[in-house]
Every structure is written in C-alpha cells, then in structure tokens.
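Tertiary structure, described
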Amino acid sequence: MALKATIYKAAVNIADLDRSFFYDVNLTLVQHPSETEQRMMLRLLAWICHADENLAFTKGLCADDEPEIWLLDDTLALKLWIELGLPDERRLKKACNQSPNVVLYVYREQAAHVWWQSMEQKLRPYRNLTVRFLDDRQLQALAAMAQRTMTLQATLQDHSVWLSDDKNNLEITFAEW
C-alpha cells in the first residue's frame, strides 16, 4: 500500500523590507511521504525568501525535470529556479542553463560540508547560482513550527528572516557559500 502525502496549510504575512514587498498569502504545501518536516519547512522558508505573486511550488520530489519552486514571468519564461538539498553537478548545470537565477538551499550540516568541499570548485563557473546553507540548529527550530495549519509572520531585512507564529519567534540567517 502506498503512503499518502500530508497536506499543510500556511497563512503567511510577508514584509520584505529589502525589496519593499508586502504580501499576505494562503499556501498549500504537500509533504511527500519521503520528505521530512525539516525539508518541507525549509521549502516553505525558501518560498518566503523569494515571495512573489508568480512564485509557485512544483511537483518537487515527484519530478526530475523541475525545481522545487520556480518563478515564471507572464510569458511563462523561467526567471528563478529554487532547489533544495545536495544535488549533483549535472542538475545544477541544467538549472543554470535554463534559468537566469538559481538558488540552492543546502541543509544537513555534516553532509552539506562534505558535499560543498567536493562541489565548490565545480560550481564556481555558474555565476547565476547562489548557494545558501542553513545549519542544523536553525533548521530544527524551523521544523518545530510545523503544524498542519499554520499562521506565520515573516519579516525579511539585511539577509535575515524573522519568522513567528503564536508560540515561536525565530531569527534565521543563511550562510552564503
């Protein structure tokens, strides 16, 4: 018997002070049976960091030819490719060739450092690639906010994200690799 996906609902209020972008949105996140809550919450955080009316979650783990999140313009041209995890060089090369902007969110501290040591020189030529690392402590605090129905407030300023719900307040900062 196949495992079923878990549905999460998030009402998010975003104040991106760096971009002067303010947005209230209701999101539906589908957690794949093989996806952890940490990864799902990082996916939500990545969406918040790049929030836009046209930003969309894709099929994610179910599709090899799509990013986790993408931004398409009005002509359906790809403007932003957002990836999570520790992909191989071929996948990142494909992303960088298809999109003018690619952002990779790396997590799982020990594995991420080993991956970065082997990939840093290979990825250096991709000028449209940004790699952001989130340490285990911050990721655990983020995952603790996961609820099937969430109401979140996010403020983005100076490379930091302040995220809160009715019980928690987090300041999240990414290391840029």
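See the structure shown above.
In this text, all values refer to a predicted model and were calculated from it rather than measured experimentally.

Notes on the overall build of the chain
Each helix and strand counted, the chain has four helices and eleven strands in total. For 177 residues, the compact-globule estimate of 2.2 N^0.38 gives 16 Å, and the C-alpha radius of gyration of the chain, at 16 Å, lies within 12% of that figure. Classification of the 177 residues of the chain by burial places 49% in the buried group. Contacts in the chain between residues far apart in sequence, at least 24 positions, make up 51% of those at least 6 positions apart. Total accessible area computed for the chain in this model is approximately 9,700 Å², and 48% of it derives from carbon and sulfur atoms. Charge separation in the chain, taken as the distance between the mean sites of 19 positive and 25 negative side-chain charges, equals 6 Å.

Regarding unusual backbone geometry
Most of the time, phi is negative for any residue but glycine, and the peptide bond is trans. You will see that Asp158, though not glycine, has its phi angle at about 50 degrees, which is positive. Looking at where Asp158 falls in the secondary structure, it is placed in the loop between β8 (149-157) and β9 (160-164). The phi dihedral of His159 is positive, around 65 degrees, even though this residue is not glycine. Along the chain, the position of His159 falls in the loop between β8 and β9.

Section: helix α4 (residues 136-143)
Within the span of α4, buried status applies to Gln138, Leu139, Leu142 and Ala143. Down the axis of α4, the buried side of the element spans an arc of 135 degrees, and every buried residue falls inside it. Pointing more than 90 degrees away from the buried face of α4 are the exposed residues Arg137 and Gln140. Packed against the buried residues of α4 are α1 (37-49), β9 and β10 (169-173). The N-capping residue of α4, defined by a side-chain oxygen 3.1 Å from the backbone nitrogen of Arg137, is Asp135.

So, the packing of aromatic side chains
Considering all chains together, one arrives at seven aromatic pairs under this definition. Note on Tyr23 and Trp47: the rings are 6.4 Å apart at their centroids and 20 degrees apart in plane angle, and the pair reads as stacked. A residue pair is termed long-range when its members are at least 10 positions apart, and Tyr23 in strand β2 (residues 21-31) and Trp47 in helix α1 qualify at 24 residues. Here the aromatic residues Phe21, Tyr23, Trp47 and Phe57 are joined through ring pairs into a cluster of three or more. Directly above the ring of Phe21 sits Arg19, whose terminal nitrogen or CZ lies 4.9 Å from the centroid. Above the plane of the ring of Tyr107 lies Arg108, whose end atom (NZ or CZ) is 5.8 Å from the centre.

Reading the values: rules and limits
- Each chain carries its own residue numbering, running from 1 in the written order of its sequence.
- Two thresholds apply to this predicted model, a pLDDT of at least 70 for residue-level local features and 80 or more for giving and counting side-chain atom pairs, whereas whole-chain, interface and lining totals are computed over all residues.
- Water and hydrogen atoms were dropped before computing side-chain values, which therefore reflect all heavy atoms in the structure.
- Put simply, DSSP H or I for four residues or longer makes a helix, DSSP E for two residues or longer makes a strand, and each gets a number counted from the N terminus.
- The reference for a compact globule is 2.2 Å times residues^0.38; the radius of gyration itself is calculated from the C-alpha atoms.
- Exposed residues in this analysis have more than 50% of their type's maximum accessible area, buried residues have under 20%, and partly exposed residues fall in between, with area computed by a 1.4 Å probe over protein chains only.
- The contact criterion used throughout is that any non-hydrogen atoms of two residues lie within 4.5 Å.
- Areas reported here follow the Shrake-Rupley algorithm with a probe of radius 1.4 Å; residue values treat only the protein chains shown as occluding.
- Here the positive residues are Lys and Arg and the negative ones are Asp and Glu; neither His nor the chain ends is included.
- A charge is said to be at NZ when it belongs to Lys, at CZ for Arg, at CG for Asp and at CD for Glu.
- Directions drawn from the helix axis to the C-beta atoms are what define this arc.
- For this analysis, a polar contact is any N or O atom pair within 3.5 Å, provided that within protein one partner can donate a hydrogen and the other can accept it, and provided that sequence-adjacent residues contribute only side-chain to side-chain pairs.
- Pairing of aromatic side chains here covers Phe, Tyr and the six-membered ring of Trp, requires ring centres within 6.5 Å, and sorts the geometry by plane angle: under 30 degrees stacked, over 60 edge-to-face, intermediate tilted.
- For a ring to carry a charge above it, either NZ of a lysine or CZ of an arginine must fall within 6 Å of the ring centroid while also lying within 35 degrees of the normal to the ring plane.

Functional significance is not addressed by these values, which are geometric in nature.
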